[in-house]
Amino acid sequence: MTKQIAIIGSGFSSLAAASYLAQAGNNVTIYEKNPTVGGRARQLQRDGFTFDIGPTWYWMPDVFERFFADFDKTPEDYYELIKLNPAYSVYFGENDFITIEDTLEKIRNAFEKEEPGSSKKLQEFMDEALDNYNIAIKDLVYRPGVSPMELVTTATMKKIGQFFSTISKEVRKEFKNPRLIAILEFPVLFLGAKPSNTPAFYSFMNYADFGLGTFHPKDGMYSVIIAMKKLAEELGVTIHTNSNVEKIEVQGTKVKGLLVNSEMIEADIVLSGADYHHTETLLKKPLRQYSEKYWEKKVFAPSSLLFYVGFEKKLQNVNHHTLFFDVPFEEHAKDIYDEPKWPEHPLFYASFPSITDTSAAPQGKEAGIFLIPLAPGLNDTPEIREEYFNKIMVRFEKLTNQEAKKYVIFKESFCINDFVEAYNSYKGNAYGLANTLLQTAFLRPKLKSKKVDGLFFTGQLSVPGPGVPPSLISGKLVSNLIQKEL
Ligand SMILES: Cc1cc2nc3c(=O)[nH]c(=O)nc-3n(C[C@H](O)[C@H](O)[C@H](O)COP(=O)(O)OP(=O)(O)OC[C@H]3O[C@@H](n4cnc5c(N)ncnc54)[C@H](O)[C@@H]3O)c2cc1C
């Protein structure tokens, strides 16, 4: 008999799960509270400019290929991918930056110029990173985090030491130049924790960075959301936007459905791709698996202060992705993880999609996205946002040697309060629960509720973790568990 599956939210994980579950013959309906789909990956359009509100780095193209191949499709059936060259650049001071190009050979040359002898060391580091990538991304992350035994394989046993060392330590063993260290520690920031708190095994992120490269989907990351929405609808999924889920209805311990905009919707299975903490608040207290204390103790990935800026002119001395690492990372990391407060000297990241993509800005103008990572839960006011915009603009102008602020046509900001309001995000986190050793695989919040039959979870707070590729994988993992249950 066809089963009714109701899904909360329309982020990458929900859209992925919806397609798998519809393909398996279920009747699948998505309920999204916002007017458009995509969750953290929505799009902002203003005055001819187009911005990705959330993710901007398309990494691990093989994960996207694998996702579409499960439906006998390819990413190219839906969107055009552009490999970025350079992939990005990193500023360390005024007119002082390192450019990361699109092949390992070119990157090795750039390393050698910075630190003689580092090219060979980088090759060795990348050989290990590739090995880890093949173990982690081709296999381990496709295990559902149900049992610790999932992590015990011949391959992982050989790498056991790397689970108890950190990226920070391993990078520092081989490289002495602080600029190269900062570049090699950058990729694991996507996993949400400090490199000194991220297992060395996660060097597979370095392979994603230098080995596979950075891509830009034409028209932005949102075109991947559009693609996944289209695929889901082709498979028969129904999507309702402006549909706020107010309650998960349970009878005894069996899920019965959802209360959506005050209307009862019956379902055999409920799957939530909304933030895990929020989803459990839709249940009566005794049916929640994790207490407030549990969430309080977890290491969350940072929140962010973001600015979406329309510039009157094309900017100079920047690349599509440009990182500003001209201040010490340790100090900023302390303000995020150890003693949460607004950072005095924040690192920041900027993206200028209109350098690559004419659809991002009117001709002769530039679209800029600026991101400052922050501790979740900070006090967020319009005055503080303005102060930080001014702060980073002064640095941006100085470092890149140009006037920019006076060419701002408009700017919009997005910060902690918006993450809470738009996505019911716990403390306004931007990208979920960090991947530390104690928050990996079976140690993460479970995909299947232990207390409510027929209730499942997916997304960046569950297994395998933060980021777009893991969210696609999370959708697949949970749909397999649901199919097993049915
Ligand atoms: C600023 C930023 C930059 C990022 N950069 C990158 C990057 O460059 N590369 C990368 O790979 N990843 C990046 N990420 C991470 C990536 O975007 C996320 O991991 C991914 O999009 C999360 O998808 P998800 O399905 O878990 O959840 P979400 O996208 O959060 O989807 C959850 C959905 O549930 C909906 N919802 C919540 N409550 C309810 C309710 N009660 N009723 C109905 N609907 C509800 C929300 O509105 C939302 O649409 C970034 C994230 C952010 C925020």
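A. Fine view of the site of the ligand. Around the ligand, the structure places 37 residues, and the nearest of them are G9, G11, G39, P55 and G459. Residue assignment for the shell around the ligand shows that the elements contributing at least two residues are α1 (12-23), β14 (303-311) and α16 (468-485). If you tally residues by element for the shell around the ligand, the top one is α1, at 3 residues. Viewed by domain, the shell around the ligand spans two of them, domain 1 (4-42 + 53-80 + 219-297 + 435-485) and domain 3 (299-423), each represented by three or more residues.

B. Spotlight on the domain arrangement of the protein. Here the protein is partitioned into domain 1 (4-42 + 53-80 + 219-297 + 435-485), domain 2 (107-212) and domain 3 (299-423). Computed over C-alpha atoms only, the centres of domain 1 and domain 3 are separated by 29 Å. Taken together, the contact between domain 1 and domain 3 spans 12 residues of the former and 12 residues of the latter. Partitioned by chemical class, the residues of the side of domain 1 that touches domain 3 number 3 nonpolar, 6 polar and 3 charged.

C. Quick look at the sheet that holds strand β10 (residues 245-251). One open sheet holds the 3 strands; their spatial order is β10-β11-β12, and the pairing between them is antiparallel. With partners counted over all chains shown, the strands left at the sheet margins are β10 and β12 (263-266), one partner each. Ignoring which end each strand starts from, the neighbouring axes of this sheet average 30 degrees apart. Here 6 bridges tie β10 to strand β11 (residues 254-260), and the two strands are oriented antiparallel to one another. Residue V245 lies in a different strand from β11, and its bridge partner there is V260.

D. Representation of the sheet that holds strand β19 (residues 455-457). Spatial ordering of the open sheet is given by β9-β2-β1-β13-β19, a layout of 5 strands whose pairing is parallel. What marks the edges here is a single partner per strand, and that holds for β9 (238-240) and β19. Each strand axis lies, on average, 20 degrees off the axis of its neighbour in the sheet, ignoring direction. By the bridge criterion, 3 bridges tie strand β2 (residues 27-31) to β9 in an arrangement that is parallel. Opposite T29, over in β9, you have T238 as the bridge partner. Along the sheet, α1 makes contact with β1 (4-8), β2 and β13 (269-272), crossing β2 at roughly 165 degrees.

E. Structural detail: the packing of helix α3 (residues 104-114) against helix α4 (residues 118-136). Running from N to C, α3 and α4 cross one another at 135 degrees; their axes reach a closest spacing of 7 Å. As the angle between them shows, α3 and α4 are arranged oblique. Here α3 and α4 pass one another in a crossing that is right-handed. Note on element contacts: α4 touches α3 through S118, S119, L122, Q123 and M126, opposite L104, R108, N109, F111, E112 and E114. Residue composition of the contact of α3 with α4, by class: 4 nonpolar, 4 polar and 3 charged.

What counts, and where the lines are drawn
Residues numbered from 1 in each chain as written. Predicted model: local features only at pLDDT ≥ 70, side-chain atom pairs only at ≥ 80, totals over all residues. Near = placed C-beta within 6 Å. Helix = DSSP H or I, 4+ residues; strand = E, 2+ residues; numbered from the N terminus. Domains from an automatic or database assignment. Contact = placed C-beta atoms within 7 Å. Nonpolar A, V, L, I, M, F, W, Y, C, P; charged D, E, K, R; others polar. Pairing = 2+ DSSP bridges. Axes fitted to C-alpha atoms, helices over the stretch in contact; angles between N-to-C directions. Parallel < 35°, antiparallel > 145°, perpendicular 65-115°, else oblique. Left-handed = near helix turned anticlockwise from the far one by under 90°.

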